[in-house]
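# Per-entry structural report
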Amino acid sequence: MIPMLRQILRVGIVSEPAPAVDDALRATTQRLSDALARQLGRALVIRHVDAGSCNGCELEIHALNNPYYNLEAIGIKFAASPRHADMLLVTGPVAKNMEVALRRAYDATPEPKLVVAVGDCGCTGGIFGESYASCGRVANVIPVDVSIPGCPPTPLQLMQGILAAIAPAKPA
Amino acid sequence: MQFFNLPIDFKPLDDHATLTCAARVSGSELLAFCGAAHQAERRLVALWGSDERDRDAKFGYALHVAFDLADGLVCLTLPLLTENPEFPDISLPFPAADRMQRAVRDLLGAAPDAGDQRPWLRHANWPADHYPLRRDTPDARYETQNEDYRFVRVEGDGVHEVAVGPIHAGIIEPGHFRFSVMGESVLRLEERLGWKHKGIERRFVGMGLSDGARLAGRVSGDSTVAYAWAYSQAAETISGTMPPSRALWLRALLLERERVANHLGDLGYLGNDVALAFGLMQFMRLKEDWIRLNARLFGHRLLMDRVIPGGVAVDLDAAGAQEIIDQCHAVGREVRNLKRIYDEHAGLQDRFLATGRVTPQLAKQLGVIGLAGRASAQHWDLRCNHPCQPYDQLAPKMAIERDGDVAARALVRFAEIVESLRLIERIVSEMPPGSIRAELRSEPDKRGIGWIEGWRGDVLVALETGADGKIRRGHCHDPSWQNWPVLEHAAIDNIVPDFPLINKSFNLSYSGQDL
């Protein structure tokens with residue numbers, strides 16, 4: 001116990017301030033009312049769905065919870081079930097084999113729900129494109145609110161996109 | 001050349017970084033070779049098929065099987081009849097071949113003559129007689145059909161099934177696990193994978209030789225350096241290009257940095273899975289420091305597209321080298337400190353020890369490779385067994401444990417971090433000067449194989465060009481093919497809540513095996 005406490009004290013708090021919202025990532029206008037967006041902004045629950053990524057995007061989504069980005073500190077956390085989620089964070093081109101599962105996860109998410117497509121593959125189908133096995137971009141399967149390009153996007157870019165999805169149309 | 005005193009004549013292939021031999025064989029010769037290789041305790045590396053109907057009307061398909069022998073890599077090619085492309089089942093001596101054979105059947109329509117006949121990568125999303133790797137199959141998408149997959153049922157009083165996935169509860173790739181349980185105890189686990197199949201092998205067809213590296217680097221993003229290096233080796237063989245020495249040293253630097261980054265992350269998550277959030281936070285902090293330096297020095301956090309056919313895309317100056325050495329010292333100190341904390345943490349050790357055990361005997365029987373194999377006393381590490389430049393001058397030490405449990409797989413990771421830090425320091429201090437890239441020119445109708453020890457195990461990339469010099473067939477093999485079936489055994493007799501921990505201790509790639 002003592003070495004653990006010593007380590008915690010020695011390292012201290014390394015968390016960095018959250019980046020600014022990047023409105024350029026929006027695929028649609030904000031559908032949430034300003035009041036609702038302000039509410040969600042302080043308590044957003046995300047369900048991550050990997051629809052066929054190379055797992056590079058997952059590594060960067062994991063990094064969001066490291067002590068530098070510390071996503072939970074700004075009220076955003078990941079849930080294990082779409083039933084508990086306000087937002088689906090979807091990576092990958094949608095593999096044909098995952099199409100039904102993605103649609104079911106979307107249907108299981110209660111309204112009002114947001115969808116953020118992550119990575120070049122999620123935004124455009126990326127290097128895998130569309131084929132017998134790939135449906136291409138996420139928007140080909142479910143409606144998308146925000147698209148975060150990058151291969152993979154950095155944790156800061158991910159935060160900018162997630163925050164853009166819940167930013168009120170008119171800032172308070 | 002001949003092996004195991006069998007009358008099969010192998011031809012050494014030119015320009016391979018590791019000695020690579022090939023031979024065309026008959027079905028009975030393949031079976032005899034498999035038997036001899038199994039007897040000699042060698043292992044299966046990969047198995048894949050190809051469509052050759054444009055070259056040979058009678059033998060329109062081929063099966064390729066690669067083995068790791070004491071001398072190097074050998075690749076056996078079995079021509080298959082166009083009319084009835086059937087090949088002998090080799091899953092008896094090499095159980096890991098089973099799913100690879102099923103994948104060949106799903107993608108190419110050449111089937112094993114025995115063994116499991118259920119589909120593997122085909123999930124009723126294309127017709128059963130539609131084979132995506134046949135050149136004349138249209139690249140069309142079909143409506144999803146309902147098709148029953150026959151899981152093996154465990155019956156008896158009080159047995160029930162727990163079905164998990166494809167979407168798992170966490171930030172993790174999709175797969176389906178079917179547990180048959182009695183109370184909390186797992187009687188049987190059956191995996192159903194292939195959810196991420198996105199047609200990578202078909203995508204390779206027609207790509208330029210240099211362009212394919214980007215795709216290979218995205219077969220499994222966490223092993224992007226290993227794939228890009230293996231792909232580059234194969235492409236350089238086709239082109240007859242020898243990359244400059246400095247480029248090879250830089251590749252080893254990037255590969256070891258990839259290894260350390262993944263091991264740091266895994267050690268954090270192993271802590272997290274036994275409710276030690278402290279471990280997750282500390283290791284994820286170290287990993288973030290580590291990959292931030294990647295971004296600063298090499299321009300990409302995960303090092304994607306830094307290894308390119310012909311050499312590398314990035315160089316390192318003296319100031320960068322010093323930063324790397326300083327970071328190795330700092331991370332080495334921190335990891336030693338955290339290892340002491342893990343070692344002495346009774347709660348963590350209680351969950352790690354004897355959990356998800358794969359005995360050396362079982363590991364040998366199933367053909368476990370890579371990191372998980374080394375945790376069960378399987379001495380497979382290409383960097384030591386068949387070192388290519390610069391590993392032949394670095395003499396890496398193989399990390400071996402015998403217990404085969406979660407604790408052993410954690411210990412192998414700790415040992416490999418320490419060893420990789422030592423290698424990185426040596427690489428940046430002893431790297432020869434010179435250029436970092438040689439020209440690459442594609443040659444028509446040539447083949448090449450690349451083989452690299454990634455952090456999870458050995459990655460193999462087999463390439464072949466067509467008459468136009470474009471890629472005709474590209475096959476990427478992930479070590480997860482060998483190790484996924486082992487997880488089914490590791491889970492037996494453990495409790496369901498320990499499964500996430502056991503799964504994490506293997507940390508296998510879904511994307512890499514789903515292709």
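Model, not experiment: these values are computed from the prediction.

The rules behind the values
- Residues numbered from 1 in each chain as written.
- Chains lettered and ligands numbered in written order.
- Predicted model: local features only at pLDDT ≥ 70, side-chain atom pairs only at ≥ 80, totals over all residues.
- Helix = DSSP H or I, 4+ residues; strand = E, 2+ residues; numbered from the N terminus.
- Rg over C-alpha atoms; globule rule 2.2 N^0.38 Å.
- Buried ≥ 20, exposed ≤ 12 C-beta atoms within 10 Å, placed from the backbone.
- Contact = placed C-beta atoms within 7 Å.
- Pairing = 2+ DSSP bridges.
- Axes fitted to C-alpha atoms, helices over the stretch in contact; angles between N-to-C directions.
- Parallel < 35°, antiparallel > 145°, perpendicular 65-115°, else oblique.
- Core = buried A, V, L, I, M, F, W, Y, C linked by C-beta atoms within 7 Å.
- Nonpolar A, V, L, I, M, F, W, Y, C, P; charged D, E, K, R; others polar.

This part takes up the overall build of chain B. If you tally the helices and strands in chain B, you get 17 helices and 15 strands. In summary, chain B has a C-alpha radius of gyration of 22 Å against a globular reference of 24 Å for 515 residues, a match within 12%. Based on the C-alpha atoms only, the size of chain B along its principal axes is roughly 70 × 65 × 50 Å. Relative to its full complement of 515 residues, chain B shows a buried share of 55%. A sequence separation of at least 24 residues applies to 66% of the contacts in chain B between residues at least 6 apart.

Looking now at the sheet that holds strand β14 (residues 458–465) of chain B. Pairing between the strands of a sheet is mediated by backbone hydrogen bonds and can be parallel or antiparallel. Residues and elements named next belong to chain B. Reading across from one edge, β13-β14-β15 is the order of the three strands in this open sheet, with antiparallel pairing throughout. Looking along the sheet, the strands with just one partner apiece sit at the ends: β13 (447–453) and β15 (471–477). If you compare each strand with its neighbour and ignore which way they point, the axes differ by 10 degrees on average. Of the strand pairs in this sheet, β13 and β14 are connected by seven bridges, and their pairing is antiparallel. Pairing of I452 across the sheet is with V459, part of β14. Across the face of the sheet, helix α5 (residues 224–239) comes into contact with β13, β14 and β15 while running at roughly 150 degrees to β13.

Glancing now at the packing of helix α7 (residues 277–298) of chain B against helix α8 (residues 318–344) of chain B. Residue and element names in this part refer to chain B. Axis separation between α7 and α8 bottoms out at 11 Å; the angle between their running directions is 170 degrees. One element, α7, and the other, α8, form an angle in the roughly antiparallel class. On α8, the residues touching G279, Q282, F283, L286, W290, L293 and L297 of α7 are G320, E323, Q327, V331, E334, L338 and Y342.

With 209 residues, the main nonpolar core has A:V90, A:L102, A:V116, B:Y227, B:A230, B:L460 and B:V461 as its most contacted residues. Setting aside chain neighbours within four positions, we find B:Y227 in contact with B:A216, B:G217, B:V219, B:S220, B:V459, B:V461 and B:C476.

Opposite the 40 residues of chain A that make contact, chain B presents 44 residues. Elements supplying a minimum of two residues to the side of chain A that touches chain B: α1 (2–11), β1 (44–50), α3 (56–63) and α4 (99–108) of chain A. When residues in the side of chain A that touches chain B are grouped by element, the largest group, six residues, is from α3(A). Tallied by class, the residues present in the side of chain A that touches chain B amount to 24 nonpolar, 12 polar and four charged.

Cis geometry marks the peptide bond from A:C151 to A:P152; its omega dihedral reads -15 degrees. If you trace the backbone, A:P152 turns up in the loop between β5 (146–148) and α6 (155–166). The omega angle of the peptide bond from B:G165 to B:P166 is 20 degrees, so this bond is cis rather than trans. You can see B:P166 is positioned in the loop between β8 (159–164) and β9 (176–182). Even without glycine at this site, B:A124 takes up a positive phi of about 60 degrees. Positionally, B:A124 belongs in the loop between β7 (111–112) and β8. The backbone of B:A275 sits at a positive phi, close to 70 degrees, despite the residue not being glycine.

As a further point, take the sheet that holds strand β5 (residues 73–80) of chain B. Residue and element names in this part refer to chain B. The strand order across the open sheet formed by five strands is β1-β2-β5-β4-β3, and the pairing between neighbours is mixed. Lying at the two open borders of the sheet, with one neighbouring strand each, are β1 (11–12) and β3 (43–51). Both β3 and strand β4 (residues 61–68) contribute to a ladder of eight bridges, which runs antiparallel. For R43, the partnering residue across the bridge sits in β4 and is D68. Across the sheet, helix α1 (residues 27–39) is in contact with β4 and β5; its angle to β5 comes to roughly 150 degrees. Where helix α2 (residues 97–108) meets the sheet, it contacts β3 and β4, and its direction lies at approximately 10 degrees from that of β3.

What follows deals with the packing of helix α6 (residues 245–272) of chain B against helix α16 (residues 499–506) of chain B. Residues and elements named next belong to chain B. It is the contact of α6 with α16, at a shortest axis distance of 10 Å, that shows an interaxial angle of 170 degrees. As summarised for this structure, α6 and α16 are arranged roughly antiparallel, according to the angle between their axes. In this structure, α6 contributes D266, Y269 and L270 to the contact, and α16 contributes L501, K504 and S505. Of the residues that constitute the contact of α6 with α16, the class distribution is three nonpolar, one polar and two charged.

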